[in-house]
Amino acid sequence: MARLGSWIKACPEGIYVRPADAWIDPSQPKSKALVTHGHSDHARGGHSAVLATPETLAIMETRYGPQPGGHGIAYDETIRVGDVDVRFVPAGHVLGSAQIVLEYEGERVVVSGDYKRRPDPTCPPFVPVPCDIFITEATFGLPVFRHPDTGSEIDRLLHRLHSDPGRCVLVGAYALGKAQRIIAELRERGHHDPIYIHGALERLCGLYQSLGVDLGDLRPATGAPKEELKGKIVIAPPGALNDRWSRRLPDPVTAMASGWMRIRQRARQRNVELPLIISDHADWDELTTTVRELKPSEVWITHGREEALMHWCMTHQIKACELNLVGYEDEDD
């Protein structure tokens, strides 16, 4: 009898689905790539054919230019790739992010991509799909990582803004997904003032708005007079927090939105005055709750803190292993 999932092979450059002759999130150009979402450590250019959600394809085109082999797959649409039935379902990570559901010869494998379980106004929520094998990330796969309520972190940001109106609050946020989520969360908390953004965020914020995500009044931070920026929120990529660009802002309160802000040393290293623990990845409780909910026979862990999640699975009588993939980053998420 064949081993469960013997038709899927983990290689250093990605997950190869043999009966589909396709790769999932490969780190090198391939003839056929199934892409979970638009972050650059999962979505690369140069593939001959790309299957992804329409939103992910739009993100890839914004970042890499035209995708001549792009084929948009709507959520819950089932397509046949080789001998495998393939379906994309929401992952709740960023706009267009998907889990990839693979069905072949009576077995169901779910590849999570990156995911989270808490609400996000910029993308559909994670949809649990029971399966035989769950291939999961474990970016925050340690019990120390328990993310607080997002609304309370946004309230901390707004409280700091209003307590010192002579300063601005400069928020470092990953350019794809996190920046737009912070803006949308602020709008949901009733902050409707103009929000100023770094030039590196303009194209992706414009794309989100063109795809139906309302971000309100956004203005370029570059060129805005210092006086205009007092009492305002400015959002920039993390790399801009301490460079020359930020020096022209009016005495900024430096903030950073990331799950890694749980680690105080990381906040100190970046001179972050206001660490905001807001992540687009599942925390420890979300990872373990998801495995309990899906009831897989096996859990394969793609990247992150594999050992702790493997140990948890084994103590709950679930077979687990780590996949040694390369090219996945600890992004500022």
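From a predicted model like this one, the values you see are computed outputs, not experimental measurements.

Thresholds, definitions, all that
Residues numbered from 1 in each chain as written. Predicted model: local features only at pLDDT ≥ 70, side-chain atom pairs only at ≥ 80, totals over all residues. Heavy atoms only, no water. Helix = DSSP H or I, 4+ residues; strand = E, 2+ residues; numbered from the N terminus. Rg over C-alpha atoms; globule rule 2.2 N^0.38 Å. Buried < 20%, exposed > 50% of the residue type's maximum accessible area, 1.4 Å probe, protein only. Contact = heavy atoms within 4.5 Å. Areas by Shrake-Rupley, 256 points an atom, 1.4 Å probe, with all protein chains shown as cover. Lys, Arg positive; Asp, Glu negative; His and termini not counted. Charge placed at Lys NZ, Arg CZ, Asp CG, Glu CD. Phe/Tyr/Trp six-rings, centres within 6.5 Å; stacked < 30°, edge-to-face > 60°. Lys NZ or Arg CZ within 6 Å of the ring centre and 35° of its normal. Core = buried A, V, L, I, M, F, W, Y, C linked by side-chain atoms within 4.5 Å. 1 Å grid on protein atoms, 1.4 Å probe; cavity = no way out; pocket = protein on both sides within 12 Å on 5 of 7 lines; lining within 4 Å. Points joined across faces, edges and corners; volume = space filled by probe spheres on them. Nonpolar A, V, L, I, M, F, W, Y, C, P; charged D, E, K, R; others polar.

Draft legend 1. Expanded view of the overall build of the chain. Of the regular secondary structure elements, the chain holds eight helices and 19 strands. The C-alpha atoms of the chain give a radius of gyration of 20 Å, which matches the 20 Å a tight globule of 333 residues would have. Referenced to the eigenvectors of the C-alpha coordinate spread, the extents of the chain come out at roughly 70 × 45 × 30 Å. For the chain, buried positions account for 59% of its 333 residues. Counted over contacts in the chain with a minimum sequence separation of 6, partners at least 24 positions apart contribute 61%. Here the chain displays about 13,300 Å² of accessible surface, and carbon together with sulfur accounts for 49% of that area. Side chains of the chain carry 38 positive and 46 negative charges; the gap between the two charge centres is 5 Å.

Draft legend 2. Expanded view of the packing of aromatic side chains. Overall, the coordinates contain seven aromatic pairs when judged by the stated rule. Ring geometry for Phe 140 versus Trp 260: centroids 4.6 Å apart, planes at 50 degrees, classification tilted. In this pair, Phe 140 is assigned in the loop between strand S11 (133-138) and helix H2 (150-163) and Trp 260 in the loop between strand S16 (253-257) and helix H6 (264-269), connecting sequence segments 120 residues apart. Here the aromatic residues Tyr 115, Phe 126 and Phe 134 are joined through ring pairs into a cluster of three or more. Sitting over the ring of Trp 260, Arg 266 keeps its end group 4.1 Å from the ring centre.

Draft legend 3. Region of interest: the nonpolar core. One finds Val 171, Ile 233 and Ile 235 to be the most contacted residues of the largest nonpolar core, which totals 36 residues. For this core, the leading source of residues is helix H3 (residues 178-188), giving five residues. If we skip the residues at most four places from it in the chain, Val 171 touches Leu 157, Ile 233, Val 234, Ile 235, Ala 236, Leu 241, Ala 255, Ala 257 and Leu 276. Core analysis: the second largest hydrophobic core is formed by 26 residues, Ile 24, Ile 79, Ala 98 and Leu 102 among them.

Draft legend 4. Expanded view of the side chain of Thr 62. Mapped onto the secondary structure, Thr 62 falls in helix H1 (residues 54-64). Ignoring anything within four residues of it in the chain, the contact list for Thr 62 reads Arg 203, Leu 204 and Leu 207.

Draft legend 5. Region of interest: empty space enclosed by the protein. Evaluation of the coordinates by the stated rule reveals one cavity of 30 Å³ or more. When its volume is computed, the largest cavity comes out at roughly 60 Å³. Elements that contribute at least two residues to the lining of the largest cavity include exactly S11 and strand S18 (298-304). Examining the composition of the lining of the largest cavity, we find that three residues originate from one element, S11, more than from any other. Residue composition of the lining of the largest cavity, grouped by class: six nonpolar, six polar and two charged.

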